[in-house]
Every structure is written in structure tokens, then in C-alpha cells.
Amino acid sequence: NSFGYYTLAATLAGVAYIFSTAFNSVLFPRMTAYFSAKDEIGLERIHTASLCVVSSTLALLCCAVFSFKTLLLSVLFAPEIAAGVSRVVAILMVGTSLQALLIVPFALQLATKWTTLAFRLNVAAIPFILLTLPLLVDRLGAQGAAWLWLSYNVYSVVLTFCFVCRRHPYLTAGVFACLKVTVLSVLAGSLFFGVVRIVCDLATDRNYQLAGVMLAIMMAGLVSLLFNRKSLLAFK
């Protein structure tokens, strides 16, 4: 049963990746054009903007999942299934969000005709995954697989951005801007959704609770867009 719950949780966590893939069709042609024109300023601007927008949105999404997963899952599934999915969905959501963030450097690598980095990182990770997965699953069950997924994506994000900044030093400032935006979004999202959760717990009707959660998520998304409005101008 635990791995059935893992499958359901992975499906829900895939929302983060679905969101980010829409950026690829926008990023790749623009990055290719800037790189072909040797326009480092334009490439740096679109790289920084996309990182900030994606990281801010995904950070808020993860905060919402951590805060409201019990309520949201109780609407979607029977109590037993919701409890099983709840144990792994937040871990998988963070891991998938990190992978979704990699859409930006992946587009950059394709645009700059640098196609070996992701391949080499994955080849290096495969032996570790094959050796570690059975041990973690044996000790922790489905949670072990979820933690390995998160660890793999942390490894991929850290090394990808390290190598990208090493190859293209002018993009380093954008990576630090992304880190700053992510930290601020997590802090703000945790505080905001924490307050909303306390307020929602005062309501006895689950429909009112769910309506409050949906309203809070939409408000957070709107605030995120306003906060990143300068970054969004880079896509015009």
C-alpha cells in the first residue's frame, strides 16, 4: 500500500513540473537568440528573470502543500489513503520543484550547445541511486524513496548551477538573486499560510476551510506576480 501512496503523491507533485515545462517553449528560443547575437546582457536578464519567477512560484507552492496537505488530501481521497499520501507528498513536492527549477539551466545549456553536463551528472548519480535505493526502502519504505528523490534533485541543482556559473560567470548574480527570492518566498509563504491555517482551523465547516485555502493560494500567487513584475518584463 505504501508504494501506491507514493505513486499518488508523485502524481500530485508532478504539478510543479507541469508548471515549469511551459517556460521551456519561451526560454529556449529567446536564450538561443541572445547567445547567437552574443548578447550577454540579454541572456543574463532572461536567465535571472526566469529563475526568480519560477523559484518564487514553486516556493509558495511547496509552502502551501506543507501547510494544507491534510485538508486538501482529505477532499481528494478517503481518510486512510489521504494519511498514506500525506507522509510523502511534501517531500516529493520539494524534490519535483527543484527538478522543475532546472528547466531554466537546461534551456540555457541547449541554447549554448552545451549538452553534456546533465548527462554526466546523471551518469555519476546512477550508481549511488542503485546502491542507496534498496537500503532506504528497506529501512524507511516509501519515505526512503521520497528522500532519495529529494537528495538527487538537491545534488542536481547545486552542481548544475555551480558548473553553469563556472562556465558563464556573468550569470552568477542571477543565481544568487534566485536564492534570495527563494528564501524570502519561503519565509513569507510560511508565515502567511501559517496564519491562514490557524484561521481556517477555527472554521468547523470543511467547505469554508477549503474556500479559505483556495483564496489564500490565489492571493499568494497574485502577490508573487506583483513582487516579480520587474522580472516578468524581461519576457516582453
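As a reminder, the structure under discussion sits directly above these lines.
The rules behind these values
- Numbers given to residues run from 1 along each chain, matching the order in which its sequence is written.
- Given that the model is predicted, a residue must reach a pLDDT of at least 70 before its local features are reported, and side-chain atom pairs must reach 80 or more before they are shown or counted; all residues, however, enter totals for whole chains, interfaces and linings.
- In computing side-chain properties, one takes all heavy atoms of the structure into account and sets aside hydrogens as well as water.
- What counts as a helix is a DSSP run of H or I of at least four residues, what counts as a strand is a run of E of at least two, and both are numbered from the N terminus.
- Contacts: residue pairs with any heavy atoms within 4.5 Å of one another.
- Between N-to-C directions, angles span 0 to 180 degrees; the directions come from axes that are lines fitted to C-alpha atoms, helices contributing only their stretch in contact.
- In what follows, roughly perpendicular refers to angles from 65 to 115 degrees, roughly parallel to angles under 35, roughly antiparallel to angles over 145, and oblique to any angle outside these ranges.
- If you view the pair so one helix is near and one far, a crossing is left-handed when the near helix is turned anticlockwise from the far one by less than a right angle, and right-handed when it is turned clockwise.
- Think of it as three bins: nonpolar holds Ala, Val, Leu, Ile, Met, Phe, Trp, Tyr, Cys and Pro, charged holds Asp, Glu, Lys and Arg, and polar takes everything else, Gly as well.
- In this scheme, a helix's expected span is set at 1.5 Å multiplied by one less than its residue total.
- For a residue, the bend is simply the angle between two axes, fitted respectively to the seven-residue segment ending there and the seven-residue segment starting there.
- Three labels apply to residues, based on accessible area from a 1.4 Å probe with only protein chains included: buried if under 20% of the type maximum, exposed if over 50%, partly exposed otherwise in between.
- Put simply, two rings from Phe, Tyr or Trp (the six-membered ring, in Trp's case) pair if the centres are within 6.5 Å, and we call them stacked under 30 degrees between planes, edge-to-face over 60, tilted for the rest.

Asker: When you look at the environment of Leu108 in this model, what are you seeing that I'm missing?
Answerer: In this structure, Leu108 sits in helix 4 (residues 103-111). Considering only alpha carbons, one finds Leu108 and Leu43, 65 residues apart in sequence, at a separation of 8.8 Å. In this structure, Leu108 is in contact with Met31, Leu43, His47, Val164, His168 and Leu171, ignoring residues within four places of it in sequence.

Asker: What's the story with the environment of Leu101 in this structure? I'm lost.
Answerer: The topology assignment puts Leu101 in helix 3 (residues 79-101). Residues Leu101 and Thr21, 80 residues apart in the sequence, show an inter-C-alpha distance of 9.6 Å. Residues contacting Leu101, with those up to four places away along its chain left out, are Leu51, Val54, Ser55, Leu58, Phe161 and Cys178.

Asker: Got a minute to help me understand the packing of helix 7 (residues 172-202) against helix 8 (residues 206-227) in this structure?
Answerer: Two quantities define a packed helix pair, namely the angle between the axes and the distance from one axis to the other. Across the interface, helix 7 lies against helix 8 with an axial gap of 10 Å and an inter-helix angle of 155 degrees. One way to sum up the angle between helix 7 and helix 8 is to call them roughly antiparallel. At the point where helix 7 passes helix 8, the crossing takes the right-handed sense. Residues Val181, Phe192, Phe193, Val196, Cys200 and Asp201 of helix 7 form the contact with helix 8, whose participating residues are Gln209, Gly212, Val213, Ala216, Ile217, Met219, Ala220 and Phe227. Tallied by class, residues from the contact of helix 7 with helix 8 come to 11 nonpolar, 2 polar and 1 charged.

Asker: How should I be thinking about helix 8 in this particular structure?
Answerer: An α-helical turn contains 3.6 residues, so any two residues separated by three or four positions project in the same direction. Compared with an ideal rise of 1.5 Å per residue, which puts 22 residues at 32 Å, helix 8 spans 31 Å between its outermost C-alpha atoms and is within 8% of the ideal. Contact partners of the buried residues in helix 8: helix 2 (40-76) and helix 7.

Asker: Could you clarify how one ought to interpret helix 5 (residues 117-140) in this entry?
Answerer: In the structure, helix 5 departs most strongly from a straight axis at Thr132, where the bend amounts to approximately 30 degrees and where the proline Pro134 lies between one and four residues downstream. Buried within helix 5 we find Leu117, Leu121, Ala125 and Thr132. Check the buried side of helix 5 and you find it contacts helix 4 and helix 6 (142-167). Following helix 5 by one or two positions, Gly141 has its phi on the positive side, about 70 degrees.

Asker: Sorry, what's going on with the packing of helix 1 (residues 2-36) against helix 3 here?
Answerer: Close contact between helix 1 and helix 3 brings their axes to 7 Å; oriented N to C, the two are set at 30 degrees. Regarding helix 1 and helix 3, the two cross each other, and that crossing is right-handed. Tallied by class, residues from the contact of helix 1 with helix 3 come to 16 nonpolar, 6 polar and 2 charged.

Asker: Help me out: how do you make sense of the packing of aromatic side chains in this one?
Answerer: Aromatic ring pairs are defined here through the distance separating the ring centres and the angle between the ring planes. Within this structure, the stated rule accounts for 4 aromatic pairs. Ring geometry for Tyr152 against Tyr155: centres 6.5 Å apart, planes inclined by 35 degrees, an arrangement best described as tilted. In this pair, Tyr152 and Tyr155 both sit in helix 6, 3 residues apart, roughly one turn of the helix. Judged by its relative accessible area of 17%, Tyr152 is buried. Overall, Tyr155 belongs to the partly exposed group, its relative accessible area being 25%.

Asker: I keep staring at unusual backbone geometry and nothing clicks. Help me out?
Answerer: Both trends apply: most residues other than glycine have a negative phi, and most peptide bonds are in trans. Phi is positive for Lys38, which is not a glycine, with a value near 55 degrees. Positionally, Lys38 belongs in the loop between helix 1 and helix 2.

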